Amino acid sequence: MGTSTKPAKGMRDLLPRQMLGRERVIETVKSVYRSFGFEPLETPACERLEVLLGKYGEEGDQLVFKIMHRGEKVERALASGTAAENDVADMALRYDLTVPLARVVAEYQHELPKYFKRYQIQPVWRADRPQKGRFREFYQCDVDVVGSTSLTVEVEVASAVATVLERLGFLDFSIRLNHRKLLFGLIESAGIPATLEGSALVAIDKLDKIGVDGVRKELSGRGVDGLAIDRLVQMLALIEAPQDAMLDRLLDAVVGSDAGRVGVEELRTLVRYAAGTPAGRYFRVDPFLARGLSYYTGPIFEVAVADLAGSLGGGGRYDNLVGMFLGRPIPACGFSLGLERILVVMEERGMLGSNETVADVMVAVWDEASIADSIALAGELRAAGLRVDLFPDLEKVGKQMKYADGRGYPVVAIVGPDERAAGLVTLKTLATGEQRQVPRVDAGKAIVRG
RNA sequence: GCGGGCAUAGCUCAGCUGGUUAGAGCGCCUGACUGUGGAUCAGGAGGUCACCGGUUCAAACCCGGUUGCCCGCCCCA
């Protein structure tokens, strides 16, 4: 009594109206991922806390949904009086699907193929503040390839994602493309110490939002000295140019850095490999893309559309993550699409068919004497390949019609006393109001499947 | 974690500077109406104005707190 029936903060109930559009999108994602040779995987909602912590950076670790010890262990931890968060928790809800994949690869390394290509569509949880297109529980649709350092992998995962979006009806997205090694190269070349690398990444990422002056403030606020800031800003200013020229200038900027040179060369190769693929049309090299997750080591991507502040998805190469569990490095690269983000945009743009109905025909019930015939008719129509709903209660026919109309059912079938006597079925098409009688054996054929 | 806005019927919202029984549209229910939905008409139900406390003769309206939702920032899908 008085208990709120709202779902928990940042989490949602998905009613049939939403589920129908959602399932269509998921089906598209699955079929495209499969067409690229990816295999399905699922992992548990929870992971051991130490599996998740330390993989996402400081911000990420704070957003991990922790799960308390059960039973006596909590009591003991709390009784100590000085319990820190990690003393009362030993598990957590997964924060993404990439780290669980890395754990699975480490655990089953000998059973998995040389190249493990998996897709995974499951919810993840983040203890974030909800916002437009941002929830505490949301689905990610991941594709990853484990076991190869080749840039063909980047092109494949990006092409899979681009194909999904095209198939859903998106034509105006871009895949921003950058390289962690290039970013390190720029930061190194500017003379920013390695300890401030993370701060510098964040600042660079914000350039298009807060401008050059904003970046300066951000950097000095984080303790980068003025000379280094000048050098970095100077480099960034030079970079704006058409793609090929931009890459040339980037190469000049990082000439003293081995990592930087590798980054630029790999970007060049990626662009060349991607020409003529679904991904190639949407690639846009963007030296300011940073991405917060700390496990990326090579190329990074992010899918952007104009009408959403956040991204529809992101990904990149993470050659050291599996190694954090195994002790020896295993290369990997993948891409993640945010299901809710996609749905938010599709809904706003009216890309989701609105009045989908779940049955082609509803069988009405007339009276107790004919109800068995109604049930049988429903079965016959289903056997004929139709989707059929049977009205459950003996209500007035008008009510039954109204219900069918409200549910969007195109046809109502009736077997009352008259029809039973004549071996007929009455079919009413609700859109036009037309009504006709057909022999019961022909009823299935007479109704067009929607 | 920081900043801002909102909270009145199932839904979308009115409700003037505090002043009698809190309104509209849509939806819902009943009937006119036939073995039957939509259109029209006639009726009807439905609100502790988010919650708690304060100011006042009087609070949906003013003040404080709580909760929830939304929008920015940070970060992200």
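Residues numbered from 1 in each chain as written. Chains lettered and ligands numbered in written order. Predicted model: local features only at pLDDT ≥ 70, side-chain atom pairs only at ≥ 80, totals over all residues. Heavy atoms only, no water.

Chemist: What am I meant to see in the pairing of strand E5 (residues 116-125) here?
Modeler: Taking burial as the measure, the ten residues of E5 include nine buried ones, the bulk of the element. With two bridges joining them, strand E1 (residues 39-40) and E5 adopt parallel strand pairing. Directly across from Pro-40, in E5, lies its bridge partner Tyr-119. Here E5 runs beside strand E6 (residues 137-146); their pairing, made up of ten bridges, is antiparallel. What sits directly across from Gln-120, in E6, is Asp-142. (Buried < 20%, exposed > 50% of the residue type's maximum accessible area, 1.4 Å probe, protein only. Helix = DSSP H or I, 4+ residues; strand = E, 2+ residues; numbered from the N terminus. Pairing = 2+ DSSP bridges.)

Chemist: Can you walk me through the packing of helix H1 (residues 16-35) against helix H15 (residues 339-348) in this structure?
Modeler: Two packed helices can be described by the angle between their axes and the distance between those axes. Direction vectors running N to C along H1 and H15 enclose 120°, while the axes themselves pass 11 Å from each other. The angle between the axes of H1 and H15 places the two elements in the oblique class. For the pair H1 and H15, the crossing hand works out as right-handed. On H15, the residues that touch Gly-21, Arg-22, Val-25 and Ile-26 of H1 are Leu-339, Glu-340, Ile-342, Leu-343 and Met-346. Residue composition of the contact of H1 with H15, grouped by class: six nonpolar, one polar and two charged. (Axes fitted to C-alpha atoms, helices over the stretch in contact; angles between N-to-C directions. Parallel < 35°, antiparallel > 145°, perpendicular 65-115°, else oblique. Left-handed = near helix turned anticlockwise from the far one by under 90°. Contact = heavy atoms within 4.5 Å. Nonpolar A, V, L, I, M, F, W, Y, C, P; charged D, E, K, R; others polar.)

Chemist: Please clarify how the packing of aromatic side chains should be interpreted in this entry.
Modeler: One pair of aromatic rings is described through two measures. These are the centre distance and the angle between the planes. Applying the stated rule across the entire model yields ten aromatic pairs. Between Phe-173 and Tyr-282, the ring centres sit 3.9 Å apart and the planes meet at 20°, which makes this aromatic pair stacked. Taken together, the residues Phe-173 in the loop between helix H7 (152-168) and strand E7 (174-179) and Tyr-282 in the loop between helix H13 (258-274) and strand E8 (283-285) connect sequence positions 109 residues apart. Among the aromatic residues, those joined into a ring-pair cluster are Tyr-56, Tyr-95, Tyr-295, Tyr-296 and Tyr-318. The lysine or arginine in question, Arg-126, covers the ring of Tyr-95, its NZ or CZ lying 4.1 Å from the ring centre. (Phe/Tyr/Trp six-rings, centres within 6.5 Å; stacked < 30°, edge-to-face > 60°. Lys NZ or Arg CZ within 6 Å of the ring centre and 35° of its normal.)

Chemist: Help me out: how do you make sense of the environment of Phe-170 in this one?
Modeler: Locating Phe-170 in the fold gives a position in the loop between H7 and E7. Residue Phe-170 is classed as buried on the basis of its relative accessible area of 0%. As a C-alpha pair, Phe-170 and Val-305 span 135 residues in sequence and 9.1 Å in three-dimensional space. Discounting chain neighbours no more than four positions away, the residues touching Phe-170 are Leu-165, Val-305, Leu-312, Ile-342, Val-345, Met-346, Arg-349 and Met-351.

Chemist: I'm lost on the protein's contact with RNA strand B in this one. Help?
Modeler: Arg-126, Arg-134, Gly-292, Asp-418 and Gln-435 are the nearest of the 41 residues found near RNA strand B. Sugar and phosphate atoms form 46% of the subset of RNA strand B atoms that lie within 4 Å of the protein. Separating a base nitrogen of RNA strand B from a side-chain N or O atom of Asp-405 is a distance of 2.9 Å. Here a base nitrogen of RNA strand B and a side-chain polar atom of Glu-419 are 2.8 Å apart. (Near = heavy atom within 4 Å. Polar contact = N/O pair within 3.5 Å; in protein donor to acceptor, adjacent residues only side chain to side chain.)

Chemist: Please clarify how the sheet that holds strand E3 (residues 66-68) should be interpreted in this entry.
Modeler: Across a sheet, paired strands are connected by hydrogen bonds in the backbone, their directions being either parallel or antiparallel. Strands sit in the order E2-E4-E3 across an open sheet of three strands; the sheet is antiparallel. The strands lining the two open edges of the sheet, one partner per strand, are strand E2 (46-48) and E3. Neighbour-to-neighbour, the strand axes of this sheet turn through a mean angle of 40°, independent of strand direction.

Chemist: What is the right way to look at H15 in this model?
Modeler: Note on helix geometry: an α-helix contains 3.6 residues per turn, so any two residues three or four positions apart are oriented the same way. Burial analysis of H15 places seven of its ten residues in the buried class, the great majority of the element. For H15, the complete set of buried residues consists of Leu-339, Glu-340, Ile-342, Leu-343, Val-344, Val-345 and Met-346. Contact partners of the buried residues in H15: H1, E6, H7 and strand E11 (332-338).

Chemist: Would you explain the nonpolar core in this entry?
Modeler: One recurring pattern in soluble globular proteins: nonpolar side chains tend to sit buried together. With 106 residues, the main nonpolar core has Tyr-33 and Phe-170 as its most contacted residues. For this core, the element with the highest residue contribution is H7, accounting for ten residues. Judged by nonpolar contacts, the second largest core, of 15 residues, contains Val-361, Val-411, Val-415 and Ala-443. (Core = buried A, V, L, I, M, F, W, Y, C linked by side-chain atoms within 4.5 Å.)

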